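So the chains spell out like this:
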Amino acid sequence: MSSSKGKAPAEATYELPWVEKYRPLTLDDVVGNSETIERLKIIARDGNCPHIIISGMPGIGKTTSIHCLAHQLLGNAYKEGVMELNASDERGIDVVRNKIKSFAQKKVTLPPGRHKIVILDEADSMTAGAQQALRRTMEIFSNTTRFALACNMSNKIIEPIQSRCAILRYGKLRDAEILKRLLEICEMEKVKYNDDGLTALIFTSEGDMRQAINNLQSTHSGFGFVSADNVFKVCDQPHPVLVQALLRSCHKSNINDAMEKLQELWDTGYSAIDIVTTLFRVVKTFDELQEYTKLEYIKEIGFTHMRILEGVGTIVQLGGLLARLCKINMKPDLFKV
């Protein structure tokens, strides 16, 4: 049986996700939270790194900042001198007692005056027992090892660990900071876009840089052009223009028109939580409403959001919200019996 010799298939080239491709490598490259980053730069320059807790929303650069700090502290010894444990790893008491302890005891050649670094991502999802075991480990091996914890909520870290750490808090990234980074990536990746598309990316990201870059890549690869409509199709969120039209109907106390627009959103397949979240975000920046009206709208939307989170996510609940919003601008005399 003769075997035909064909050409070996060309090696497939895989495109890195842009969040990885453009992940900052030094603290100078990290976008936003400049005051906190300055503190980390001083630590990197002096080399005296304490135990650290960085808390803040997802996607704003907590873990990236710790990796950048480790790179600048350890240089070429980074691979040997850093151990990272993520929320997806097993991080119970046994891991703290065995894996972390054995890493802390390991002999590694580091630059003078530097320490090994253990990075615990999503540290607030560690069990209380594991955190209790960790506090003792932090004490015993503090001569050789420093711990850096990234978490969404620092209050879920037990007090004894908090008192041993310098706590840094990261805030949401500003729109201008996200826009600057998106424009840089668009230029490097030759992405075609319009201004409305970039505005939509910023609106859907809510201060989350990772979300913004992922949405940019998804829209570019899916449609080839970043426009507002394409971004909202990719993100699958109610279009703010339709939500604004709904709010205008409520402002004019036109309940029939408002209910029609709500039904349109509901029939498209959006859940109650999608609709009420977008309503809140649009109201915040809706300049056609007076300040007093805006406050009343936010209060009503807040109460409805709470009820939906408790499990009452029906169109009747949303209809009741629209009725209350319509009522706000109506004259009280109309309701006299």
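What you see is a predicted model, and the numbers here were worked out from it, not measured in a lab.

Criteria and cut-off values
- Residues numbered from 1 in each chain as written.
- Predicted model: local features only at pLDDT ≥ 70, side-chain atom pairs only at ≥ 80, totals over all residues.
- Heavy atoms only, no water.
- Helix = DSSP H or I, 4+ residues; strand = E, 2+ residues; numbered from the N terminus.
- Expected span 1.5 Å × (residues − 1).
- Buried < 20%, exposed > 50% of the residue type's maximum accessible area, 1.4 Å probe, protein only.
- Arc of directions from axis to C-beta.
- Contact = heavy atoms within 4.5 Å.
- Axes fitted to C-alpha atoms, helices over the stretch in contact; angles between N-to-C directions.
- Parallel < 35°, antiparallel > 145°, perpendicular 65-115°, else oblique.
- Nonpolar A, V, L, I, M, F, W, Y, C, P; charged D, E, K, R; others polar.
- Pairing = 2+ DSSP bridges.
- Right-handed = clockwise from strand over helix to strand, strands pointing away.
- Core = buried A, V, L, I, M, F, W, Y, C linked by side-chain atoms within 4.5 Å.
- Left-handed = near helix turned anticlockwise from the far one by under 90°.
- Domains from an automatic or database assignment.

**Q** Explain helix 2 (residues 34-46) to me, please; I cannot follow it from the model alone.
**A** With 13 residues, helix 2 extends 18 Å between its outermost C-alpha atoms, agreeing within 8% with the 18 Å of an ideal straight helix rising 1.5 Å per residue. Every buried residue of helix 2 is accounted for by Thr36, Ile37, Leu40, Ile43 and Ala44. Along the axis of helix 2, the buried positions cluster into a sector of 110°, meaning they face one direction only. Exposed positions of helix 2 whose direction lies more than 90 degrees from the buried face are Ser34, Glu35, Arg45 and Asp46. Those residues of helix 2 that are buried are in contact with strand 1 (52-55), helix 3 (62-74) and strand 5 (166-169). Positive phi shows up at Gly47, right after helix 2, with a value of about 85°.

**Q** Before we go on, may I ask you to explain the packing of helix 10 (residues 209-223) against helix 11 (residues 228-235) in this structure?
**A** To characterise two packed helices, one gives the angle between the axes of the helices and the distance between these axes. Orientation of helix 10 relative to helix 11, taken along the N-to-C sense of each, is 110°, at an axis distance of 9 Å. The angle between helix 10 and helix 11 places the two elements in the roughly perpendicular class. Each of Asn215, Ser218, Thr219 and Phe223 in helix 10 lies in contact with helix 11, whose residues at this interface are Asn230, Val231, Lys233, Val234 and Cys235. A per-class count over the contact of helix 10 with helix 11 returns four nonpolar, four polar and one charged.

**Q** Quick question: what am I supposed to make of unusual backbone geometry here?
**A** Excluding glycine, residues mostly have negative phi values, and the peptide bonds linking residues are mostly trans. The phi torsion at Glu206 lies on the positive side, around 50°, for a residue other than glycine. Checked against the element boundaries, Glu206 lands in the loop between helix 9 (195-205) and helix 10. Residue Glu206 is classed as partly exposed on the basis of its relative accessible area, which comes to 35%. Although it is not a glycine, Asp236 sits at a positive phi angle of roughly 55°. Secondary-structure assignment places Asp236 in the loop between helix 11 and helix 12 (240-251).

**Q** Explain the side chain of Gln237 here, please?
**A** Inspection of the secondary structure puts Gln237 in the loop between helix 11 and helix 12. With near-sequence residues (within four places) excluded, Gln237 lies in contact with Phe203, Thr204, Phe232, Tyr270 and Arg281.

**Q** It is not clear to me how the pairing of strand 3 (residues 116-120) should be interpreted in this structure. Could you clarify?
**A** Within strand 3, five of the five residues are buried, leaving the element largely enclosed by the surrounding structure. Burial along strand 3 is two-sided: Lys116, Val118 and Leu120 facing one way and Ile117 and Ile119 facing the other are all buried. Across four bridges, the pairing between strand 2 (residues 82-85) and strand 3 is parallel. Looking at strand 3, one finds that Glu84 is bridged to Ile119. In this sheet, strand 4 (residues 145-151) lies alongside strand 3 in parallel orientation, the contact comprising five bridges. Within strand 4, the residue paired with Ile117 across the bridge is Arg146. Considered for its hand, the β-α-β crossover made up of strand 3, helix 6 (residues 128-140) and strand 4 is right-handed.

**Q** What exactly am I supposed to notice about the nonpolar core here?
**A** Nonpolar side chains tend to gather and get buried jointly when the protein is soluble and globular. If you look at the biggest cluster of nonpolar residues, it comprises 71 residues, and the most contacted ones within it are Leu40, Leu69, Leu182, Leu216 and Leu247. Aside from chain neighbours lying at most four places away, what touches Leu216 is Trp18, Leu182, Ile185, Cys186, Val191, Leu201 and Val226. Core analysis: the second largest hydrophobic core is formed by 22 residues, Met83, Ala133, Leu134 and Met138 among them.

**Q** Sorry, what's going on with the packing of helix 2 against helix 3 here?
**A** It is the contact of helix 2 with helix 3, at a shortest axis distance of 9 Å, that shows an interaxial angle of 20°. Taken as axis vectors, helix 2 and helix 3 run roughly parallel relative to one another. In this structure, helix 2 meets helix 3 at a crossing whose hand is right-handed. Contacts between helix 2 and helix 3 pair Ile37, Leu40, Ile43 and Ala44 from the former with Ser65, Leu69, Gln72 and Leu73 from the latter. A class-by-class count of the residues in the contact of helix 2 with helix 3 yields six nonpolar, two polar and no charged.

**Q** What exactly am I supposed to notice about the domain arrangement of the protein chain here?
**A** For the protein chain, the domain assignment lists domain 1 (18-169), domain 2 (175-235) and domain 3 (240-330). On a C-alpha basis, the centroid separation for the pair domain 1 and domain 3 is 42 Å.

**Q** Please clarify how the sheet that holds strand 5 should be interpreted in this entry.
**A** Across the sheet, which stays open at both edges, the five strands sit in the order 2-3-4-1-5 with parallel pairing between neighbours. With one partner strand each, in any of the chains shown, strand 2 and strand 5 form the two edges of the open sheet. On average, each strand axis in the sheet is tilted by 15° relative to the strand beside it, whichever way the strands run. Sheet topology places strand 1 next to strand 4; four bridges connect them, and they run parallel. The partner of Ile54 across the bridge, within strand 4, is Ala150.

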